[in-house]
Structures are given as C-alpha cells and as structure tokens.
Amino acid sequence: MITEERLTDILSHPKVEAYFQTLDIDVQESANLFHIIDNGDGEVTLDEFIDGIMRCKGQARAVDQVAMRFEVAKLDTKVTELILAL
C-alpha cells in the first residue's frame, strides 16, 4: 500500500520522474495523480497503481480524461446514495 505522502516522495526522485516522463506521465501533480489512482480509501494498492498509471499513460489530455472519469464516478456514487435515501 502506498499513501499520498509516500507516492509524492517517490515521484520526487529525479530517476523516477525521468522514467515516468518516458511514459508521458506528468508527475509534477502527484496529489492529483494519487487521487485519480486511489479508489477512495486513502491508499493505493499495487493493482490500483498499475491500472491507474496505464490509464494515465500518454498525452496530458489522457490524464484529464482519467480525472474526469474519476470525478464522474464520485458523482455517480453520490447520486446513487441520494436516490437510495429517498
């Protein structure tokens, strides 16, 4: 399991940053990256990390699309909870 703080620390290393640049992943916004990858429990498992990174791979536009998917999923969960509460 990786916490947001640990991921930020890992991604701040120049060699790690260079590796992620080869994947076209911007690690400068590690907090956003963490929240995109995290399933909401505050920690990222290896499977979540790999799946999330693969979804973010490519141009910045791909990261934006993944972020949008994440926000839509959160909104869907909230709407479902509201409907069930009625």
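Residues numbered from 1 in each chain as written. Predicted model: local features only at pLDDT ≥ 70, side-chain atom pairs only at ≥ 80, totals over all residues. Heavy atoms only, no water.

S.K.: How would you explain the side chain of Glu 48 if you had to name every residue and give the values?
M.R.: Tracing the chain through its elements places Glu 48 in helix α4 (residues 46-56). Its relative accessible area of 14% is what places Glu 48 among the buried residues. In this structure the side chain of Glu 48 is engaged in a polar contact, spanning 2.9 Å, whose partner is the backbone nitrogen of Thr 45. Not counting the four nearest positions on each side in its chain, Glu 48 is found in contact with Ile 37, Asp 38, Asn 39 and Glu 43. (Helix = DSSP H or I, 4+ residues; strand = E, 2+ residues; numbered from the N terminus. Buried < 20%, exposed > 50% of the residue type's maximum accessible area, 1.4 Å probe, protein only. Polar contact = N/O pair within 3.5 Å; in protein donor to acceptor, adjacent residues only side chain to side chain. Contact = heavy atoms within 4.5 Å.)

S.K.: Residue-level account of the pattern of salt bridges, with values.
M.R.: For the structure shown, the criterion picks out two salt bridges. Taking the shortest distance from any N to any O, the salt bridge between Arg 6 and Asp 9 comes out at 3.0 Å. Pair noted here: Arg 6 and Asp 9 are both in helix α1 (residues 4-11), with a separation of three residues, about one helical turn. Classification of Arg 6 by relative accessible area gives partly exposed; the value is 44%. Taking relative accessible area as the criterion, Asp 9 reaches 37% and is therefore assigned partly exposed. Of the charged contacts in the structure, one is a salt bridge between Lys 74 and Glu 71, with a shortest N-O distance of 3.7 Å. (Salt bridge = Lys/Arg side-chain N within 4 Å of Asp/Glu carboxyl O.)

S.K.: Tell me what's going on with a nonpolar patch on the surface, and back it up with residues and numbers.
M.R.: A cluster of nonpolar side chains, Leu 46, Ile 50 and Met 54, forms an exposed patch at the surface whose accessible area comes to about 330 Å². With respect to the element layout, Leu 46 can be found in helix α4. We classify Leu 46 as exposed; its relative accessible area is 61%. (Patch = residues over 30% accessible without salt bridge, like charges linked within 9 Å, V, L, I, M, F, W, Y side chains within 5 Å. Areas by Shrake-Rupley, 256 points an atom, 1.4 Å probe, with all protein chains shown as cover.)

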